[in-house]
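One letter stands for each residue in the lines below.
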There are 2 protein chains.
Amino acid sequence: MVEPVGNQYVVARPVYSENLFDEDHEKLHRYHKTFWDHLKLYFRCSPQRVKKTALGLFPVISWLPAYRFREWILSDIVSGINTGLVAVLQGLAFALLVNVPPGYGLYAAFFPVLVYFIFGTSRHISVGPFPVLSLMVGATVTRLVPDDSTGNDTSTNTSTIDEERVMVAASVTFLSGIFQLLLGILQFGFIVIYLSQSLISGFTTAAAVHVVVSQLKFMLQLTVPGYNVPFGIIYTLKSIFSQITETNITDLVTSLIVLLIVFVVKEINDRYKAKLPAPIPIELLVTVLAGLISYFVNFEEKFNVAVVGTLEEGFQVPIAPDVGILQKCIGDSISIAIVGFAVAFSVAKVYSVKHDYPLDGNQELIAFGLGNILGGSFKGFASSTALSRSGVQESTGGKTQIAGIISAVIVLIVIMAIGFLLAPVQKSVLASLALGNLKGMLMQFKEVGILWRKDKYDCVIWVVTFLAAVFLGLDIGLATAVAFQLLTVVIRSQIPSCTVLANVGRSNIYRNRKDYTDIYEPEGVKIFRCSSPIFFANIDFFREKLISAVGFNPMRVLRKRNKALRKIRKMLKKGELQVTPKGLICMANNIQESDEELDNNSIEELDQPTNMTDLPIQIDWSADLPPGITVPQVDIHSIILDFSSVSFLDFSAMRVLQKTLKEFIRIDIDIYIAGAHEGFLDKLERCAFFDEEIKPSIFFLTIHDAVLHILLKKDIASSPKVKLMEKDSSSDYIITLSNGLRSRECTIPTETKL
Amino acid sequence: MVEPVGNQYVVARPVYSENLFDEDHEKLHRYHKTFWDHLKLYFRCSPQRVKKTALGLFPVISWLPAYRFREWILSDIVSGINTGLVAVLQGLAFALLVNVPPGYGLYAAFFPVLVYFIFGTSRHISVGPFPVLSLMVGATVTRLVPDDSTGNDTSTNTSTIDEERVMVAASVTFLSGIFQLLLGILQFGFIVIYLSQSLISGFTTAAAVHVVVSQLKFMLQLTVPGYNVPFGIIYTLKSIFSQITETNITDLVTSLIVLLIVFVVKEINDRYKAKLPAPIPIELLVTVLAGLISYFVNFEEKFNVAVVGTLEEGFQVPIAPDVGILQKCIGDSISIAIVGFAVAFSVAKVYSVKHDYPLDGNQELIAFGLGNILGGSFKGFASSTALSRSGVQESTGGKTQIAGIISAVIVLIVIMAIGFLLAPVQKSVLASLALGNLKGMLMQFKEVGILWRKDKYDCVIWVVTFLAAVFLGLDIGLATAVAFQLLTVVIRSQIPSCTVLANVGRSNIYRNRKDYTDIYEPEGVKIFRCSSPIFFANIDFFREKLISAVGFNPMRVLRKRNKALRKIRKMLKKGELQVTPKGLICMANNIQESDEELDNNSIEELDQPTNMTDLPIQIDWSADLPPGITVPQVDIHSIILDFSSVSFLDFSAMRVLQKTLKEFIRIDIDIYIAGAHEGFLDKLERCAFFDEEIKPSIFFLTIHDAVLHILLKKDIASSPKVKLMEKDSSSDYIITLSNGLRSRECTIPTETKL
């Protein structure tokens with residue numbers, strides 16, 4: 001029982017090294033699972049496990065029987081109808097981003113929903129087309145089937161191009177579905193954690209910029225070829241501005257009016273959210289109105305605007321994807337698969353947290369994968385979820401994916417029966433509606449300033465992601481951004497703040513000595529703290545900082561001492577030095593300093609521990625040496641390394657650390673390591689870190705333990721020798737330190753010399 | 001002064017929260033440099049600085065005047081001659097790897113040495129061709145100028161192809177020189193730290209495998225086209241084995257004999273290193289012997305073997321690189337620039353550590369960059385340093401780059417005068433000599449086993465690097481390996497070992513509670529330690545682990561409590577509950593449990609702090625509640641998070657942490673954070689982490705401080721109320737905790753109810 005004594009921190013216990021602590025407090029022998037145990041566990045097979053996996057594969061089995069029909073069905077139907085109408089309009093609008101005829105957007109809003117109903121684990125997201133993803137598919141489409149550059153834009157030609165494009169979109173969707181399915185089966189759902197908030201924010205903002213640029217051609221009614229190369233956005237803008245005089249004014253005016261109306265009404269919806277019974281369905285109203293005006297004024301013939309045109313009624317027969325196309329779009333498929341999943345998962349997570357139910361990332365991958373495989377087979381394009389549409393589904397009361405099914409029924413009705421009503425709507429109206437949804441994404445620019453003040457790294461990630469995705473394209477941009485983000489983590493871990501600590505307040509608190517006036521540093525002791533993991537990328541930095549903190553390079557000191565020893569030996573041989581009880585006395589008059597040349601063997605010798613056994617006397621390096629012999633002065637006797645923040649140490653770092661510690665030990669400086677993590681010693685032991693020079697006994701529980709140990713040792717060392725000998729046999733910790741004491745025992749005090 | 005009391009750790013001081021400690025010990029106001037200060041400092045300009053930079057650009061100015069002529073010149077000359085002979089042979093052999101005529105290898109061994117003499121900072125490396133780099137240049141060469149596939153291999157055709165290849169090799173060398181120069185000027189010398197030992201070892205082993213495969217065609221004298229595509233090594237092997245019957249037996253036999261002799265003699269050199277006055281110059285002997293035999297037996301005509309042939313005497317006129325080629329090999333140039341520099345720097349570092357002189361990474365980049373620019377202009381190919389040749393230069397006594405200049409003179413003599421002597425040497429002999437140097441690199445396979453036992457991550461890095469470099473090619477392989485290595489650092493930081501700590505030995509030591517029997521956990525207190533930085537990739541993991549450690553999800557508890565409150569309010573209104581001095585008494589008989597439906601607004605309400613101000617009585621959640629109302633039982637009152645290993649916290653993590661802390665605080669659990677790093681609080685303050693619920697006073701110096709604080713608080717809370725009130729006004733820390741105490745003051749003890 002720990003008893004508080006007033007508001008006081010009172011502790012009295014033995015000074016603990018790790019070894020001593022282990023002796024006093026027996027450690028339980030726990031079996032730590034090995035790599036193979038984990039592997040076995042992972043592939044373990046039991047009836048329960050099989051059943052659980054099977055049920056997990058079909059979440060619908062769990063939730064459908066528990067459906068509270070009377071309570072939920074009404075709100076699911078209301079939500080489903082609302083979502084369905086939005087899905088139809090978005091499907092048409094986003095199909096323009098893919099560069100396929102609008103009708104194919106409806107397939108993308110239909111098939112994946114059916115699959116998600118059976119396999120999905122989120123209850124609230126609305127599966128279907130998503131602008132960024134549509135844009136990515138569109139980029140592949142225009143790369144593989146570019147606009148006809150010859151200029152003879154006959155209708156036959158257009159329809160051939162359209163057919164090819166539908167084929168490409170379907171194939172890339174199919175392939176990305178395959179990738180998602182594979183990732184799901186291989187349990188790679190965790191990859192989303194590498195997409196941080198700043199990265200997603202920067203990426204979606206860049207995507208919004210791409211959408212805006214790509215919609216310009218519909219709003220101005222210009223023929224712009226697709227560029228899917230790095231810096232393609234610049235080429236696109238150049239192409240648009242070079243033919244800006246050919247703008248179709250009717251389309252431009254319609255677009256601007258629609259944009260204005262949509263923005264204003266959305267603003268009203270936001271501001272009077274609480275007072276309105278339901279948000280005004282402005283997209284629906286605008287589409288109906290625009291359709292009516294266009295039909296009665298006959299925009300198509302009078303002003304030569306592009307309209308949606310007759311949608312193909314019913315479904316297309318399913319097709320096998322084209323292997324030739326598949327080979328050309330592997331890279332695109334991978335990025336589509338990952339982006340589609342990442343966006344859907346992050347939206348789904350918002351709702352799963354809000355309504356408190358579990359999500360399964362791997363199962364989501366499987367659901368989207370199968371959805372895209374089916375969608376691709378029926379000539380749809382890649383689907384994920386649109387934030388705005390999911391917002392509609394959830395806010396209008398959707399409880400489960402029953403609402404999704406209802407929305408699919410609405411889409412089905414449009415596909416099968418009433419598609420013709422949409423025929424006179426201008427494409428520019430659809431483009432403006434797609435832009436109307438981007439306000440939120442574009443507003444994310446504001447985040448840059450906030451992030452800069454709060455976390456420089458996050459801000460840089462945002463900016464790099466944005467610029468990479470805008471200029472290099474969404475796929476290469478995403479890869480670059482993720483690589484850059486990983487690099488920032490490494491850099492953050494890599495620049496440790498190395499500080500020299502000192503005792504503050506005369507108790508057991510050690511803080512940066514630069515921060516306080518009221519500090520106490522034990523004489524001859526340096527306490528050095530490294531506040532990050534140590535690994536290949538920062539071990540050299542760590543070594544440099546340590547050397548600059550102690551003020552000398554141990555290797556250089558060792559070599560100088562060994563050189564001095566060699567010289568003393570030579571001088572003794574020549575009789576230039578005489579051993580007297582008072583120390584070494586120099587006989588020669590003029591001794592030149594000479595830096596003798598060394599071959600390789602002698603350099604290696606210089607790095608060995610100083611060996612004085614053959615000398616008739618022990619040299620005290622801090623005392624006056626014979627003339628002509630100088631060694632650097634070392635004013636510390638102990639170093640304490642605080643490793644409490646060193647969460648790991650890799651093999652490269654371990655080797656350098658070992659070498660550095662040895663160099664210090666060889667010039668008679670005691671090294672202690674305090675606050676090492678659980679398991680740290682075991683790992684060092686396994687890697688043969690310890691030997692005759694570096695012993696596990698250098699590990700202490702805390703800095704204060706190490707400091708107390710050092711102070712006590714110095715106390716004993718400065719007492720008469722008899723006392724030392726007594727202690728030596730009885731207490732444990734002195735034996736291990738005899739190395740540090742040896743040279744001192746034999747010291748000839750400075751005062752008595754010469 | 002800290003006085004050791006025997007071998008005891010004795011401390012008595014106040015319990016310190018960070019705030020209290022700051023009050024007691026005044027902090028110095030240090031000015032921390034901002035980003036702009038650093039920028040200004042970096043671009044600061046002073047006469048001293050300009051002079052230092054200028055001297056740094058030409059290291060030769062510093063070391064040449066200090067050259068000790070009489071002492072050093074002899075060993076430099078001996079070393080230079082030895083190195084020069086090796087350089088000639090290696091130049092010829094490595095030129096085969098580049099797929100250019102052997103003579104061009106001599107240029108690569110000449111020009112860069114001159115430049116390095118002036119600009120380089122290492123005194124011991126021998127600049128010149130390096131097999132891996134030659135191979136990388138060779139891959140570019142065969143990609144841009146493939147072997148003539150038509151088969152009509154006339155000599156005119158061959159010479160045209162050779163000319164084009166020399167041009168490509170020179171251009172890619174020139175461009176990589178430009179990149180190195182740019183990197184050096186932009187101070188990017190630090191990039192080498194991302195190439196860890198395991199990565200370099202795996203990469204060079206893979207390079208050795210590539211060298212072996214690429215030399216097979218010379219040893220067997222087969223025509224194999226170059227494949228520089230992913231999995232190219234497989235195509236090459238396929239091509240070799242498909243025509244293995246056409247092997248030139250003479251070449252094969254010669255190769256095997258040469259290989260055998262070289263291996264055996266090298267083994268002898270190694271084993272009797274100490275006894276031999278100098279290593280046997282086996283390469284030289286073999287070349288001379290092979291040349292003589294070939295000349296007198298007339299191998300070329302008799303057995304149709306390929307020989308070195310007449311070397312072009314003298315130098316080629318310098319040429320401007322071909323812009324068309326430059327555009328096609330930007331990627332290759334970047335990887336050649338980086339690999340070349342990385343290898344040279346790591347070799348140079350070995351010697352700089354051994355002989356204790358400083359190296360400047362940026363200056364090395366400049367030196368190699370200029371060397372390659374000059375070399376490329378004179379039709380040489382990319383140079384770096386070969387480990388074996390540098391070994392010769394250093395071990396035969398080279399002291400400075402004067403030895404390098406002498407070796408260049410030897411190469412010059414061969415180029416200008418005696419090149420014709422090498423004409424009859426078989427190409428297969430050169431190939432075998434190149435292979436003879438690879439034993440060391442191939443022996444690195446042994447490291448895999450050692451690494452696996454010592455550090456799994458390092459082992460995986462080795463294997464991934466090796467496989468990627470072998471199968472994807474050296475350039476893509478290197479990029480993949482570096483990206484993978486960065487990922488491992490992230491993964492290591494990302495999987496924190498989260499542990500629940502307990503007091504061991506009744507003093508101030510807290511350890512993993514699973515490891516000891518003799519532990520004490522204060523009642524109702526969880527001490528949770530996260531042993532790694534917390535950032536976007538592991539914050540969710542951290543949250544999950546924390547929730548599983550405390551045993552409940554705070555958000556769920558909060559929602560249940562708020563739902564229960566709502567129900568109690570309703571029941572009070574209906575009169576089903578009555579307030580009595582003894583607590584709430586239930587009047588109704590049968591109350592059904594119903595999970596009422598909630599719209600969005602009410603869900604948000606559920607996440608707010610419980611508000612009991614409108615109720616006539618305060619609810620004690622741990623006591624019996626009226627029938628029909630249940631809330632999860634919470635058996636802890638305080639959580640201590642040990643943040644002493646959390647070296648950084650990014651913005652995403654901070655937001656999630658804030659939310660999590662709030663959820664705990666809202667269900668009346670006190671959260672404390674112990675051992676936070678220097679500057680941690682300031683950063684949180686800056687990011688608006690603190691508000692009315694989360695206060696800076698939750699930060700304590702150590703776990704033990706926090707535990708003592710909690711114990712004291714509980715002591716006071718369980719004492720009569722008067723005492724609490726007294727304390728409240730006098731002491732600082734209780735006020736901040738009134739939130740936690742409020743509900744407890746109003747508790748109706750469980751025993752007195754019903």
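The numbers attached to residues start from 1 for each chain and follow its sequence in the written order. Numbering of ligands from 1 and lettering of chains from A proceed in the order in which they are written. Thresholds applied to this predicted model are a pLDDT of at least 70 for local features of residues and 80 or more for the giving and counting of side-chain atom pairs; totals over whole chains, interfaces and linings are not thresholded and use all residues. Side-chain numbers here rest on the full set of heavy atoms in the structure, without hydrogens or water.

## So, the overall build of chain A
Applicable threshold: What counts as a helix is a DSSP run of H or I of at least four residues, what counts as a strand is a run of E of at least two, and both are numbered from the N terminus. Categorising residues by exposure relies on relative accessible area from a 1.4 Å probe, with only protein chains included: less than 20% of the type maximum marks a residue as buried, more than 50% marks it as exposed, and the intermediate range marks it as partly exposed. Any two residues having at least one pair of non-hydrogen atoms within 4.5 Å are treated as being in contact. Reported accessibility uses the Shrake-Rupley method at a 1.4 Å probe radius. Residues are deemed covered only where the shown protein chains occlude them.
Scanning chain A from terminus to terminus reveals 33 helices and 12 strands. Within chain A, the proportion of its 754 residues that are buried is 54%. The contacts in chain A between residues at least 6 apart in sequence include a share of 81% that link residues at least 24 apart. Carbon and sulfur atoms form 62% of the exposed surface of chain A, whose accessible area is close to 33900 Å².

## A look at unusual backbone geometry
Not every positive phi belongs to a glycine, and A:Asn99 is a case in point at roughly 65°. At B:Asp668, a position not held by glycine, the phi torsion is positive, near 65°. Positionally, B:Asp668 belongs in the loop between α28 (651–666) and β11 (670–674). For B:Asp668, a relative accessible area of 16% corresponds to the buried category.

## Observations regarding the pattern of salt bridges
How we decide: For this analysis, a salt bridge means a side-chain nitrogen from Lys or Arg found within 4 Å of a carboxyl oxygen belonging to Asp or Glu.
Scanning all chains against the criterion turns up 30 salt bridges over all chains. Linking A:Asp691 and A:Lys662 is a salt bridge whose minimum nitrogen-to-oxygen distance equals 2.6 Å. Here the residue A:Asp691 occupies a position in the loop between α29 (680–686) and β12 (699–700), and A:Lys662 occupies one in helix α28 (residues 651–666), the gap between them amounting to 29 residues. Using a relative accessible area of 18% as the deciding quantity, one classes A:Lys662 as buried. In this structure, B:Arg513 and B:Glu521 form a salt bridge, with 3.1 Å as the shortest nitrogen-oxygen distance. Overlapping salt bridges, with partners in common, bring together A:Asp455, A:Asp458, A:Arg492 and B:Lys683 in one network.

## Regarding the packing of aromatic side chains
The condition is simple: Between rings of Phe, Tyr and Trp, where Trp is taken as its six-membered ring, a pair exists when centres lie within 6.5 Å; planes separated by under 30 degrees are stacked, by over 60 edge-to-face, and by other angles tilted. Two conditions define a charge sitting above a ring: the NZ of Lys or the CZ of Arg must be within 6 Å of the ring centre, and it must be within 35 degrees of the ring normal.
Using the criterion set out here, one finds 52 aromatic pairs over all chains in the structure. Relative to B:Phe664, the ring of B:Phe552 has its centre 6.2 Å away and its plane inclined at 65°; by these criteria the two rings are edge-to-face. With B:Phe552 in the loop between α25 (539–550) and α26 (554–574) and B:Phe664 in helix α28, the pair connects residues that are 112 residues apart, well separated along the chain. The pair formed by B:Phe552 and B:Phe664 is uniform in burial state, with each residue classed as buried. Judged by centre distance (6.4 Å) and plane angle (55°), the rings of B:Phe680 and B:Phe699 are tilted. Taken together, the positions of B:Phe680 in helix α29 (residues 680–686) and B:Phe699 in strand β12 (residues 699–700) put the pair 19 residues apart, joining distant regions of the chain. Judged by relative accessible area, B:Phe680 falls into the buried class, the value being 9%. Given a relative accessible area of 0%, B:Phe699 falls into the buried group. Grouping aromatic residues by their ring pairs yields a cluster made of A:Phe528, A:Phe542, A:Phe643, A:Phe680, A:Phe689, A:Phe690 and A:Phe699. One cation-aromatic arrangement involves A:Arg13 over B:Tyr9; the distance from NZ or CZ to the ring centre is 3.8 Å.

## Let's talk about the packing of helix α24 (residues 474–494) of chain A against helix α24 (residues 474–494) of chain B
How we decide: Between N-to-C directions, angles cover 0 to 180 degrees, with each direction set by a line fitted to C-alpha atoms, over the stretch in contact for helices. If you view the pair so one helix is near and one far, a crossing is left-handed when the near helix is turned anticlockwise from the far one by less than a right angle, and right-handed when it is turned clockwise. Side-chain classes follow a simple rule in which Ala, Val, Leu, Ile, Met, Phe, Trp, Tyr, Cys and Pro form the nonpolar group, Asp, Glu, Lys and Arg form the charged group, and the remainder, Gly included, forms the polar group.
One way to put it is that α24(A) packs onto α24(B) with a least axis distance of 9 Å and a crossing angle of 65°. Where α24(A) crosses over α24(B), the two elements pack in a sense that is left-handed. Contacts between α24(A) and α24(B) involve A:Leu486, A:Leu487, A:Val489, A:Val490 and A:Ser493 from the first element and B:Leu486, B:Leu487, B:Val489, B:Val490 and B:Ser493 from the second. Classifying every residue of the contact of α24(A) with α24(B) gives 8 nonpolar, 2 polar and no charged.

## Let's talk about α25(B)
Residues and elements named next belong to chain B. The line we're drawing: Here the expected length of a helix is defined as 1.5 Å per residue gap, with one fewer gap than residues.
An ideal rise of 1.5 Å per residue puts 16 Å on 12 residues; α25 measures up with 17 Å between its terminal C-alpha atoms. Elements in contact with the buried residues of α25: β4 (498–504), β7 (525–530), α26, β10 (638–642) and α28. Backbone geometry just downstream of α25 places Gly 551 in the positive-phi region, at approximately 95°.

## Some details on the environment of A:Tyr510
Residue and element names in this part refer to chain A. Put simply, the rule is: Throughout this description, a polar contact denotes any pair of N or O atoms lying within 3.5 Å of each other; where both atoms belong to protein, one of them has to be capable of donating a hydrogen while the other can accept it, and for residues adjacent in sequence the pair is counted only when both atoms sit in side chains.
For Tyr 510, the location among the structural elements is in strand β5 (residues 510–512). Among the polar contacts made by the side chain of Tyr 510, one reaches the side chain of Asn 503 at a distance of 3.3 Å. Within the local environment of Tyr 510, its side chain forms a polar contact with the side chain of His 704, the two groups lying 2.8 Å apart.

## Here we look at the pairing of strand β4 (residues 498–504) of chain A
All names here are of chain A. The following threshold applies: When DSSP finds two or more bridges between two strands, those strands count as paired.
Of all 7 residues making up β4, 7 are buried, and the element is well covered by its neighbours. One ladder, built from 4 bridges, connects β4 with strand β7 (residues 525–530); its direction is antiparallel. Following the sheet pairing, Thr 499 is matched in β7 by Arg 529. Bridge count for β4 against β5 is 3 bridges, and the pairing is antiparallel. Residue Ala 502 lies in a different strand from β5, and its bridge partner there is Arg 511. Where β4 hands over to β5, the hairpin turn is made up of 5 residues, of which Gly 505 adopts a positive phi near 80°. Taken together, the 2 bridges between β4 and strand β6 (residues 519–520) define a ladder with antiparallel strand orientation. Bridge pairing links Asn 503 to Tyr 520 in β6.

## Focus: the interface of chain B and chain A
The cut-off we apply is this: Two parts lose some accessible area (1.4 Å probe) when they are put together, and adding that loss for both gives the buried area.
Taken together, the contact pairs 111 residues of chain B with 111 residues of chain A. The contact between chain B and chain A buries some 10200 Å² in all, and 56% of this surface belongs to carbon and sulfur atoms. Between B:Asp455 and A:Lys683 there is a salt bridge, with the nearest N and O atoms lying 3.1 Å from each other. For the pair chain B and chain A, the interface holds 27 residue pairs in polar contact (both at pLDDT 80 or more). For the side of chain B that touches chain A, the element with the most residues is α24(B), which contributes 9 residues. Each residue belonging to the side of chain B that touches chain A can be placed in one class, and the counts come to 45 nonpolar, 28 polar and 38 charged.

## Notes on the relation of the copies chain B and chain A
Selection criterion: Only residues with pLDDT of at least 70 in both copies contribute their C-alpha atoms to the least-squares superposition of the copies.
For the pair chain B and chain A, the best superposition has an RMSD of 0.2 Å and corresponds to a rotation of 180° with a translation of 0.0 Å parallel to the axis. In short, the pair behaves as if placed about a two-fold rotation axis. Residues of chain B ranked by C-alpha distance from the rotation axis are headed by B:Ser645, positioned 2.0 Å from it.

## Some remarks on the confidence of the model for chain A
Residues and elements named next belong to chain A. The following threshold applies: Residue-level confidence of the predictor, termed pLDDT, takes values from 0 up to 100.
Averaged over all residues, the pLDDT of chain A is 81; the fraction at 70 or higher stands at 89%. Confidence drops under a pLDDT of 50 for residues 721–754, and excluding neighbours within four residues, the segment shows 43 contacts in the predicted structure. Confidence metrics for the complex model read pTM 0.77 and ipTM 0.78.

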